[in-house]
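For reference, the chains in residue letters:
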Amino acid sequence: MGFRRHGPFRPGDQVQLTDPKDKRHTVTLKEGGVFHTHKGSIPHDDLIGSPEGSVVRSSSGTPYLAFRHLLRDYAVSMPRGAAVVYPKDAAQIVAMADVFPGARVVEAGVGSGALACFLLRAVGEEGRLTSYERREDFAEVARKNVEKFYGGPLPQWRLVVGDLVASIDETDVDRVILDMLAPWECVDAAAKALTPGGVICCYVATTTQLSRTVETLRDHGSFTEPHSWETLVRDWHVEGLAVRPDHRMVGHTGFLVTARRMADGVTPPPRRRRPAKGAYVEESGS
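Residues numbered from 1 in each chain as written. Predicted model: local features only at pLDDT ≥ 70, side-chain atom pairs only at ≥ 80, totals over all residues. Heavy atoms only, no water.

For the structure on display, the rule yields 19 salt bridges. Between Asp137 and Arg135 there is a salt bridge, and its shortest N-O distance comes to 2.7 Å. Taking relative accessible area as the criterion, Arg135 reaches 43% and is therefore assigned partly exposed. Through salt bridges with shared partners, one network takes in Asp22, Arg24, Arg72 and Asp73. (Salt bridge = Lys/Arg side-chain N within 4 Å of Asp/Glu carboxyl O. Buried < 20%, exposed > 50% of the residue type's maximum accessible area, 1.4 Å probe, protein only.)

Structure representation (C-alpha cells):
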C-alpha cells in the first residue's frame, strides 16, 4: 500500500469537494455512484479519470473544487470513537519529539487513529509503529480510519488491544507517545522500553494532568528536565489592504511534554533554576 496516490481520480478514492462557500464534503468514488447535495447532484463518473484540482458542477450548476484529502483534513473529519489529536498538535509531536523515517515508535491511547496516521507517515515504510489501546471499540474505529486513509493494512503498524504497562514487549524504542488520561502511570514502562537518547512525549488536556506528568518524569530519575508547552493557531483574513486576524482561532486543545531518556545509572544534573517559594505544598509536622 502506498502512502500517497497521485494521478487521476480512481474508483475507491476519497475526494474532497469544496463549494464556493468553502463547505467541504467527502466522497468515496465508485462507478455509477451519485453524490447528492441540496445544491444538486454530481455523478461519480464525472470525477473518475479527472486530475486533482478539477472543477465539477452539480446538476444545479454549482461548481465544486475536487482534491484528494490532505491528512490534516482527513484527521478532523474522520469517524470518531474518541477525541482526535488535532493537526496542530500532531505536527508539534512529530517535530518536537523528532519522529524520523525509520524510527521505532510506541503510541499509547490510539483514540480514533488521527495521530497514528501522522506517525505512520513520519516513520515511513522502514519504520515501525506499535499502538496500544485499552478499549476494543476505539481500537476498531482507529483501525478502520487508518486503513481507509492509507488504502489498506500497513505492515509497519501493529495495533494492540490492551494496557501499555501490562502488554508492552518492545525494547530499544526510539520514541514513546502517550495520549491518555494518566500518562504518569506509564512513565516507568516507557523508560524501560526507550533506548538512551530516546524521547517520551505526553499529550494531556488539563493543568492538573500536566503538573503530575512533569513531576513524575522529574522524580523518575531516568529523564532529562521535562519541557512543556501548548500551541495556539490563529488564521488571518487577507483582502487587499484589509489584513486582520480572524475572529475565531484554534486555542487550547492540550499540553505537550517532552523529555529524553538518559543512559542507565546516570543521575540527572540538579536543576539550576529553583522552584518559586510556595510552588510545592510542604508536609506539616503536626
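Here we take up the packing of helix H3 (residues 114–123) against helix H4 (residues 136–150). Packed helix pairs are characterised by how far apart their axes lie and by the angle those axes make with each other. Where H3 contacts H4, the axes come no closer than 9 Å and their chain directions differ by 45°. Relative to H4, the element H3 lies oblique. Judged by the twist between their axes, the crossing of H3 over H4 is right-handed. Residues Ala116, Cys117, Leu120 and Arg121 of H3 touch H4, and the partners they reach there are Val146, Phe149 and Tyr150. (Axes fitted to C-alpha atoms, helices over the stretch in contact; angles between N-to-C directions. Helix = DSSP H or I, 4+ residues; strand = E, 2+ residues; numbered from the N terminus. Parallel < 35°, antiparallel > 145°, perpendicular 65-115°, else oblique. Left-handed = near helix turned anticlockwise from the far one by under 90°. Contact = heavy atoms within 4.5 Å.)

Turning to its location among the elements, Pro43 is positioned in strand S4 (residues 40–43). Judged by its relative accessible area of 32%, Pro43 falls in the partly exposed class. Residues Pro43 and Phe255 lie 212 residues apart in sequence; the distance between their C-alpha atoms is 44 Å. Excluding its chain neighbours within four sequence positions, the residues that come into contact with Pro43 are Gly33 and Val34.

On to the environment of Leu159, then. Structurally, Leu159 can be placed in strand S9 (residues 157–161). Spatially, the C-alpha atom of Leu159 lies 7.5 Å from that of Ala139, the residues being 20 residues apart in sequence.

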